[in-house]
Amino acid sequence: MLEHDVIIVGGGLAGCRAALEIKRLEPDTDVALVAKTHPIRSHSVAAQGGIAATLKNIDPEDSWEAHAFDTVKGSDYLADQDAVEILTKEAPNTIIDLEHLGVLFSRLEDGRIAQRAFGGHSHKRTCYAADKTGHAILHELVNNLRHHGVTIYDEWYVMELILEDGEAKGVVMYRILDGTLEVVRAKVVMFATGGYGRVFNTTSNDYASTGDGLAMCAAAGLPLEDMEFVQFHPTGLYPVGVLISEAVRGEGAYLRNSEGDRFMEHYAPKQMELAPRDITSRAITLEIRAGRGINSDGSPGGPFVHLDLRHLGKEKIMSRVPFCWEEAHRLVGIDAIHEPMPVRPTAHYSMGGIPVNTDGQVRRSGNTLVEGFFAAGECACVSVHGANRLGSNSLLECVVYGRLTGRAIAQYVQNRKLPQINASTYINRAKTRIDSLLNQKGDLRIAKLRQGFQDSMSEHCGVFRTEEIMQAGIDKLHDLREQYSRVYLDDQSTAWNTELLEALELSNLLIVGEIILTSAFNRKESRGAHSREDFTERDDAQFLRHTLAYHSPAGIDIEYMPVVINRFEPKERKY
Ligand SMILES: Cc1cc2nc3c(=O)[nH]c(=O)nc-3n(C[C@H](O)[C@H](O)[C@H](O)COP(=O)(O)OP(=O)(O)OC[C@H]3O[C@@H](n4cnc5c(N)ncnc54)[C@H](O)[C@@H]3O)c2cc1C
């Protein structure tokens, strides 16, 4: 059995920032970080447009209060306002700290950090490194982990959270290189396992975003919060779904329908293309439904709209958003200097997740906590994004709450002993699970089942939802879950068996999908990204509450938890 004071699962921005903070504050703490990818291949590396903070380098009128208000309004008033206050107050110092670590941000002429406009933000406050911001930050953080002596287990897959008597004691992990199984016991376990974009058939997320951390918590009997709130980013490149950053619209690009109209004037006349993502994704979906989408031959009635950059000119495109130009050129052969890009909404971000308090400690229910267990980043729900996240607030959440969670752990771990674990029970269970998957004599390929599931989730729990459509989705999911016992694996080896990993990930996707659908089914209102055609209004009297969904093989139980409202009273949301 391996032992560490702290084991962090996840090598993206949130996990790395927490590890660094613990080592800075308590250098003698034995911290280990495990990731199923190499840490610098975590999805954070793909973040493009930027990270919000009121540095006031362009706009001296900006303030943390304005950033907090924009965030709460963007969240459709479901964000916890104490958590948002911390996020927005801590933002400027957190950016300066990143800069001192060595992160290369883009600059103004006078050498200060540049800032650009982003959707739903009332001031220019998004700091960036061209359109490769995640890359710039993650590389520096990973370098610093090595410098501080954090143990890194890269390319190990965590299969199970060890939770006994309401206390987290460690994890079970599988070495992808050779199939070794290990139990790690630790005084503190932290999850920073990222999102679940792969639940849907069209997503901007990487192949590793399969919601493993969420599924492991659910399987251990812990609740997941606000899972019905899935962010569909308005501008996924058609047909592949990869992201064309909001930075492109932040720099002034237009959205146009088949008639050439900038249709956002009908949906958000003031903010136009820089309305929040939920509103813009709905607008594009409605335009396509009304027959004003575009086909590949340019005729009307097709499945996408145009993102038009041409008026920005070559120099601006190539200096501010070069990666987006490159993606469209490489993947669909469009030269955005001369032609508009084909785009439509793509599953992008998880507003919900593992419920935590503002120290990052995981909740066991509305008013109790799990001992020894913390979470931060996209897998967690603290909740700063509520029903809809504003662009450039997620990287910020990862570094602010990664840091604060690290700080809380550094203190918490001092009073903890290493827990007792019967390692062989866990190893045997993991071994049995793997062996039974390898030996299963089924007739179904993993890819086929996964595709069926992803198509079903996109069809039954997409941008617009109704009770009837979701009920059909829940029924289909039950069938798909049964089909899982019919999958077969060609690859029986222990070395780099990616097929086995895909089977484990698929079982996680199925759990997460069911929780998303059931939480959405039970929320009978429209709020932020959750848009119901049978309940079109926001219903504060009944649903100004967080969902807590508890999973069990028998079904899902739903409870609700109050929202923290201490500064901004809910109002109608107009842009
Ligand atoms: C294309 C794209 C562009 C984006 N652009 C922006 C932007 O400009 N601004 C912004 O604010 N936000 C942006 N976002 C969102 C933001 O990047 C993410 O929310 C954030 O980076 C998530 O970081 P994280 O640390 O929580 O998780 P991730 O970076 O996703 O890392 C998850 C880690 O967990 C590990 N892991 C997962 N499961 C297991 C397991 N079972 N065992 C072991 N390890 C595991 C993975 O290997 C990985 O190391 C973007 C997202 C995408 C997809």
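Cut-offs and rules
- Residues numbered from 1 in each chain as written.
- Predicted model: local features only at pLDDT ≥ 70, side-chain atom pairs only at ≥ 80, totals over all residues.
- Heavy atoms only, no water.
- Pairing = 2+ DSSP bridges.
- Helix = DSSP H or I, 4+ residues; strand = E, 2+ residues; numbered from the N terminus.
- Axes fitted to C-alpha atoms, helices over the stretch in contact; angles between N-to-C directions.
- Contact = heavy atoms within 4.5 Å.
- Parallel < 35°, antiparallel > 145°, perpendicular 65-115°, else oblique.
- Nonpolar A, V, L, I, M, F, W, Y, C, P; charged D, E, K, R; others polar.
- Polar contact = N/O pair within 3.5 Å; in protein donor to acceptor, adjacent residues only side chain to side chain.

**Student:** Got a minute to help me understand the sheet that holds strand β12 (residues 254-256) in this structure?
**Tutor:** Strand pairing in a sheet relies on backbone hydrogen bonds, with the paired strands running either antiparallel or parallel. Overall, antiparallel pairing links the four strands, which are arranged β11-β14-β13-β12 in an open sheet. Every interior strand has two partners, whereas the edge strands, β11 (230-237) and β12, have only one. This sheet shows a mean twist of 45° between the axes of neighbouring strands, independent of strand direction. Bridge count for β11 against strand β14 (residues 341-350) is six bridges, and the pairing is antiparallel. Residue pairing for β14: Phe232 is matched across the bridge by Ala347. Together, β11 and β14 form the strand contacts of helix α9 (residues 322-332), whose direction differs from that of β11 by roughly 70°.

**Student:** How should I be thinking about the packing of helix α5 (residues 212-219) against helix α14 (residues 498-522) in this particular structure?
**Tutor:** The description of two helices packed together rests on the angle between their axes and the distance between the axes. The contact between α5 and α14 brings their axes to 9 Å, and the two run at 75°. When the axes of α5 and α14 are compared, the pair comes out roughly perpendicular. For the pair formed by α5 and α14, the contact residues are Asp212, Leu214, Ala215 and Ala218 on the first element and Glu505, Asn508, Ile511, Val512 and Ile515 on the second. The residue inventory of the contact of α5 with α14, partitioned by class, reads six nonpolar, one polar and two charged.

**Student:** In this structure, what is going on with the side chain of Glu525? I would like to understand it.
**Tutor:** Considering the arrangement of structural elements, one finds Glu525 in the loop between α14 and β20 (531-532). Reaching out from Glu525, the side chain makes a polar contact with the side chain of Arg527 at a distance of 2.8 Å.

**Student:** Help me out: how do you make sense of the pairing of strand β17 (residues 368-375) in this one?
**Tutor:** Two faces, one strand: in a regular strand the side chains alternate between the faces of the sheet. Of the strand pairs in this sheet, strand β9 (residues 181-191) and β17 are connected by three bridges, and their pairing is parallel. Bridging across to β17, Phe191 finds its partner in Ala375. Alignment of strand β16 (residues 361-365) against β17, held across three bridges, turns out to be antiparallel. Residue pairing in the sheet places Gln361 in a bridge with Phe374 of β17. The turn linking β16 back onto β17 is made up of two residues.

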